[in-house]
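Each chain is listed here by its residues.
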Amino acid sequence: MKVENIGEFGLIDRIKAFSNSKGHALGIGDDCAIIPQGEREILVSVDALVEGVHFFKNAEPFLLGRKSLAVNISDIAAMAGEPKWAFLSLSLKSGTELSWVDDFLKGFISMADEFGVELLGGDTTKAKETVIGVTIIGENPIGASVKRGTARAGDLVCVSGKIGCSYAGLKALELNLKGYQNFIEAHINPTPRVNEALSIREFATAMIDVSDGFIQDCNHICKQSGVGMKIWWDSIPFCDADFITKEQMLCGGEDYQIAACIDRRFKDKIEKNPYFTIVGEVVEGKEVVIVKDSDVIEIKKCGYEHF
Ligand SMILES: Nc1ncnc2c1ncn2[C@@H]1O[C@H](COP(=O)(O)OP(=O)(O)OP(=O)(O)O)[C@@H](O)[C@H]1O
Ligand SMILES: Cc1ncc(C[n+]2csc(CCOP(=O)(O)O)c2C)c(N)n1
Ligand SMILES: [Mg+2]
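First, a word on what this report is: a plain description of the structure on this page. Note that this is a predicted model, so its numbers are computed, not measured. (Residues numbered from 1 in each chain as written. Chains lettered and ligands numbered in written order. Predicted model: local features only at pLDDT ≥ 70, side-chain atom pairs only at ≥ 80, totals over all residues. Heavy atoms only, no water.)

## Quick look at the state of the cysteines
- One pass over the full model with this rule turns up two disulfides.
- Disulfide pairing is shown between Cys165 and Cys239; the S-S distance is 2.3 Å. Because the torsion about its S-S bond is 105 degrees, the bridge between Cys165 and Cys239 counts as right-handed. Placement of Cys165 in helix 4 (residues 165-174) and of Cys239 in the loop between strand 8 (228-232) and helix 8 (246-251) is noted, with a sequence separation of 74 residues between them.
- Overall, the relative accessible area of 4% leaves Cys239 in the buried class.
- One disulfide bridge connects Cys251 with Cys302, the sulfur atoms lying 2.1 Å from each other. On the sign convention where negative is left-handed, the bridge of Cys251 and Cys302, at about -75 degrees about the S-S bond, is left-handed. Here Cys251, found in helix 8, pairs with Cys302, found in the segment after strand 12 (295-297); they are 51 residues apart in sequence, far enough to count as distant. One exposure class covers both Cys251 and Cys302, and it is buried. (Disulfide = S-S within 2.5 Å. Helix = DSSP H or I, 4+ residues; strand = E, 2+ residues; numbered from the N terminus. Buried < 20%, exposed > 50% of the residue type's maximum accessible area, 1.4 Å probe, protein only.)

Have a look at this one:
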């Protein structure tokens, strides 16, 4: 058997089966681990970016530095936490220009400064392809972090921003399409939605960031919470790109928007919130279904999966 036979998520389940967690901390399965520390809880996550997998060989180093930290900060946002500290593991090809490294670091630090994150350490090695690993640490008052496994039937589902612009940007880069700089920007220079997530922290029952694709990430909430979701097609804030399909927007990933479930009693708070759109409801069931005019729209298994 090879890793491809069980896929990325099968692999994570397999790793989880080896976990020796004593149960004091929240371990594998959410966007961050949660480690209670007195009045606070510490949030920790690690995410790698690999040349050829997450970015093209010719990626601009300044923006790559920004994105490397942004996707990690996004995992803190996904728990409605505040990012604080980062560690940077840089695996570089021999022959990498120092100017490339400097530009990468300038980008990394520009993102760090925007979100109040301090770079405190890391690791440096040689590799065949460039690999950037970032560990991010954040915090919250004890009990305030919003997890994936706590959605309840009856909650509303909402999402920040638009869905699919990053995938449109990836396609514009791949196909060398001209005139789509705003979508390319969404792809190569995403904004982690920390403030957006914090603005609904007290109403949210479950939360995730959209990294693998909106449907797949909502399915992570469904699986962890033991619920289903009805997403209303006509309410989805699709990206206004006309060269990819709406299905691709729902499946493409890397939007780094926040998808959250909200106690229905706070519907008016979400309606007044400038960042979020209500897109559906949590129901009894197992997975996401997309509904248009009371018909279920079939969308085959989709979303990004390594292996
Ligand atoms: N190699 C590993 N060892 C231990 N835990 C892992 C490993 N890979 C993933 N996990 C854990 O599995 C869970 C899901 O990981 P995953 O990387 O899919 O996170 P995500 O937030 O859904 O996606 P993204 O990588 O885009 O942030 C997390 O709790 C993560 O810590
Ligand atoms: C060159 C290139 N090819 C493909 C993609 C698309 N892509 C890569 S990883 C990923 C999901 C999130 O990753 P992870 O789950 O590791 O956080 C997506 C949508 C890209 N960005 N660059
Ligand atoms: Mg995540």
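So, next bit.
## Brief notes about helix 1 (residues 3-17)
- A rise of 1.5 Å per residue sets the reference length of helix 1, with its 15 residues, at 21 Å; its end C-alpha atoms lie only 16 Å apart and thus fall more than 12% short of the reference.
- Along helix 1, the helix axis deviates most sharply at Phe9, where the bend reaches about 75 degrees. (Expected span 1.5 Å × (residues − 1). Bend = angle between axes of the 7 residues up to and from the residue.)

## Side note on the packing of helix 4 against helix 5 (residues 181-188)
- Two elements in contact, helix 4 and helix 5, have axes separated by 7 Å at closest approach and are oriented at 110 degrees. One finds that helix 4 runs roughly perpendicular with respect to helix 5. Residue-level inspection shows Cys165, Ser166, Ala168, Gly169, Leu170, Ala172 and Leu173 of helix 4 in contact with helix 5, the latter providing Phe183, Ile184, Ala186, His187 and Ile188.
- Taken together, the residues of the contact of helix 4 with helix 5 sort by class into nine nonpolar, three polar and no charged. (Axes fitted to C-alpha atoms, helices over the stretch in contact; angles between N-to-C directions. Parallel < 35°, antiparallel > 145°, perpendicular 65-115°, else oblique. Contact = heavy atoms within 4.5 Å. Nonpolar A, V, L, I, M, F, W, Y, C, P; charged D, E, K, R; others polar.)

## Here we look at the sheet that holds strand 11 (residues 288-292)
- The strand order across the open sheet formed by seven strands is 7-9-6-10-8-11-12, and the pairing between neighbours is mixed. Of all the strands in the sheet, just strand 7 (204-209) and strand 12 have a single pairing partner and so form its edges. Across this sheet, the average inter-strand angle for adjacent strands is 30 degrees, counted without regard to direction.
- Note: strand 6 (residues 156-160) against strand 9 (residues 258-262), four bridges, orientation antiparallel. Counterpart to Val157 in the pairing with strand 9 is Cys261.
- Each of strand 6, strand 7, strand 8, strand 9, strand 10 (276-283) and strand 11 is contacted by helix 7 (residues 214-225), which is oriented at about 140 degrees to strand 7, the strand it contacts most. (Pairing = 2+ DSSP bridges.)

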